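For reference, the chains in residue letters:
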There are 2 protein chains.
Amino acid sequence: MRITAEPVTRLIDELNKLPTIGPKTASRLAFYILRGSKDDAQALAQAILDVKEKIIYCSECYNLTDIDPCAVCASKDRDKSQICVVEEPLDVVALEKTREFTGLYHVLHGHIDPLAGVSPDNLKIRELLDRVRLQEVREIILAMNPNVEGRATASYIHKLLVPLGVSVTTLATGLPVGGDLEYADEVTLSNALKGRRHI
Amino acid sequence: MRITAEPVTRLIDELNKLPTIGPKTASRLAFYILRGSKDDAQALAQAILDVKEKIIYCSECYNLTDIDPCAVCASKDRDKSQICVVEEPLDVVALEKTREFTGLYHVLHGHIDPLAGVSPDNLKIRELLDRVRLQEVREIILAMNPNVEGRATASYIHKLLVPLGVSVTTLATGLPVGGDLEYADEVTLSNALKGRRHI
């Protein structure tokens, strides 16, 4: 006996494919969409189609954009001598929220991960080296995630950048603001100790 | 400075409107859809459009269906003298999974909730009474959620059903299987005591 109509089970299956959406959440979302207005459903469907239609990679920094070059690369207010290298487009969003960085970005689209079959050739590393060679770049900030894969990727890129005579820096590690010393892990705490500063 | 392209922020906004999807999850889902294949995105968008296009209410039981009457109401194997009344279509799915119930369903589409402006007229209660009057119904099982609103709704419907001379039952309350006596709340435990059975 077919309990639920085919279009409903198909929508539940499709939502279930998304990360962090289990079968229970998928059912709840599907019935929410069913109960909602037709306009809302169409807006959601159109937004999904539009990102696939209109979004491209910026030919300079490989961030996601709907115009090429992207707004950051095309801006006259940005310091073109600094390039901050990140793993994912979401990292750019996080860094822009700080309003601290006025340079350009370079998105690698992942980190080196031999077990998952991601070699340096699968990342936008060659493109970064080309930018350093062809443009007047003074400083490269390696802003990979502070974990094993991120550090391995940063160290790989660092070795390739040294011969090009560019200054290479990385983000500070230490205690996160609002964190609790008592609950900090040993590596973070030992990094915070090593990086201690005069007040 | 526009950090993310408009189609991306629009998709994040649309996903953020869904229940249990906050801004962080919405970004993660949006970038997952962006990274995924175009076919996957189209399948998801089409599934969303299809539920709004193809899904209707069954004219008998008011469950969601793509054919009228629905598969349960149209089946010859179901006992038409029993009607199980539930709040939501998802409750039908849960009950069908037990494979215990062979009667028909009636979906109210909510519970009485004066504070939220849901009066008995907004639910499919009149339609239930019509079914009891016009069809040969022997038993009505009131399977509302075991909470205050569910119980108020069940008690309201019960009063209307009594004059029609139909047998009205409700689901047993007690300890859930796999639960822990120690952690059971007082009401559940006192219900389990009151409803104790000979083994």
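Remember, predicted model here, so these are calculated numbers, not experimental data.

A. Molecular detail of the interface of chain B and chain A. Each partner contributes residues to the interface: chain B has 59 residues there, and chain A has 59 residues. For the pair chain B and chain A, the two sides together bury roughly 5300 Å², of which 74% comes from carbon and sulfur. Joining chain B to chain A, the criterion identifies six salt bridges. Note that A:D50 is salt-bridged to B:R10, the shortest N-O span being 2.7 Å. Counting across the interface, chain B meets chain A through 12 residue pairs in polar contact (both at pLDDT 80 or more). If one sorts the elements of the side of chain B that touches chain A by residue count, helix α3 (residues 38–54) of chain B sits on top with 15 residues. Considering only residue class, the side of chain B that touches chain A consists of 32 nonpolar, 10 polar and 17 charged.

B. Up close: the sheet that holds strand β5 (residues 139–142) of chain B. All names here are of chain B. Overall, parallel pairing links the four strands, which are arranged β4-β3-β5-β6 in an open sheet. This sheet does not close on itself; its edge strands, each paired only once, are β4 (103–107) and β6 (167–170). Across the sheet, the mean angle separating the axes of adjacent strands is 25° when strand polarity is ignored. Judged from the four bridges that link them, strand β3 (residues 79–86) and β5 form a sheet pairing that is parallel.

C. Just helix α3 (residues 38–54) of chain A, in detail. Along its 17 residues, α3(A) runs 23 Å from first to last C-alpha, staying within 8% of the 24 Å computed at 1.5 Å per residue. Taken residue by residue, α3(A) has A:A41, A:L44, A:A45, A:A47, A:I48, A:D50, A:V51 and A:K52 as its buried positions. Those residues of α3(A) that are buried lie in contact with α2 (23–35) of chain A together with α1 (6–16), α2 (23–35) and α3 of chain B.

D. Focus on the nonpolar core. By size, the foremost hydrophobic cluster in this structure holds 42 residues, and its most contacted members are A:L11, A:I48, B:L11, B:L15, B:I33 and B:I48. Elements represented by at least two residues in this core include exactly α1 (6–16), α2 and α3 of chain A together with α1, α2 and α3 of chain B. If we ignore the near neighbours within four places in the chain, the residues touching B:I33 are A:L18, A:I48, A:V51, A:K52, B:L11, B:L15, B:A41 and B:L44.

E. Molecular detail of the sheet that holds strand β4 (residues 103–107) of chain A. All names here are of chain A. Spatially, the four strands line up as an open sheet ordered β4-β3-β5-β6, and their pairing is parallel. At either margin of the open sheet sits one strand with a lone partner, and together these are β4 and β6 (167–170). Here the average twist between neighbouring strands, direction ignored, is 25°. Running over the sheet, helix α5 (residues 89–98) touches β3 (79–86) and β4 and is turned about 155° from β4.

F. Looking closely at the environment of A:E87. All names here are of chain A. For E87, the location among the structural elements is in the loop between β3 and α5. Of the residues examined, E87 reaches a relative accessible area of 2% and is grouped as buried. The sequence separation of E87 and H109 amounts to 22 residues, and the corresponding C-alpha distance is 5.2 Å. Once residues within four sequence positions are removed from consideration, E87 is found in contact with V107, L108, H109, G110, H111, M144, N145 and G150.

G. Quick peek at unusual backbone geometry. Following A:D68, the chain continues to A:P69 via a peptide bond in cis, the omega torsion being -5°. With respect to the helices and strands, the residue A:P69 is situated in the loop between β2 (64–65) and α4 (71–74). Despite not being glycine, A:Y62 shows a phi value in the positive range, around 65°. One can find A:Y62 in the loop between β1 (56–57) and β2. Positive phi outside glycine occurs at B:H109, with the angle close to 65°. Following the sequence through the fold, B:H109 ends up in the loop between β4 and α6 (125–134).

H. Examining the relation of the copies chain B and chain A more closely. Least-squares fitting of chain B to chain A yields an RMSD of 0.1 Å, with the superposition described by an axial translation of 0.0 Å and a rotation of 180°. Here the two chains are linked by the operation of a two-fold rotation axis. Taking C-alpha positions as reference, the residue of chain B nearest the rotation axis is B:A45, located at 2.2 Å. Taken together, the interface assignments show that 100% of the residues at the interface of chain B recur at the interface of chain A, consistent with an identical surface on both copies.

About the cut-offs
- Residues numbered from 1 in each chain as written.
- Chains lettered and ligands numbered in written order.
- Predicted model: local features only at pLDDT ≥ 70, side-chain atom pairs only at ≥ 80, totals over all residues.
- Heavy atoms only, no water.
- Contact = heavy atoms within 4.5 Å.
- Buried area = accessible area lost by both parts, 1.4 Å probe.
- Salt bridge = Lys/Arg side-chain N within 4 Å of Asp/Glu carboxyl O.
- Polar contact = N/O pair within 3.5 Å; in protein donor to acceptor, adjacent residues only side chain to side chain.
- Helix = DSSP H or I, 4+ residues; strand = E, 2+ residues; numbered from the N terminus.
- Nonpolar A, V, L, I, M, F, W, Y, C, P; charged D, E, K, R; others polar.
- Pairing = 2+ DSSP bridges.
- Axes fitted to C-alpha atoms, helices over the stretch in contact; angles between N-to-C directions.
- Expected span 1.5 Å × (residues − 1).
- Buried < 20%, exposed > 50% of the residue type's maximum accessible area, 1.4 Å probe, protein only.
- Core = buried A, V, L, I, M, F, W, Y, C linked by side-chain atoms within 4.5 Å.
- Least-squares fit on C-alpha atoms with pLDDT ≥ 70 in both.

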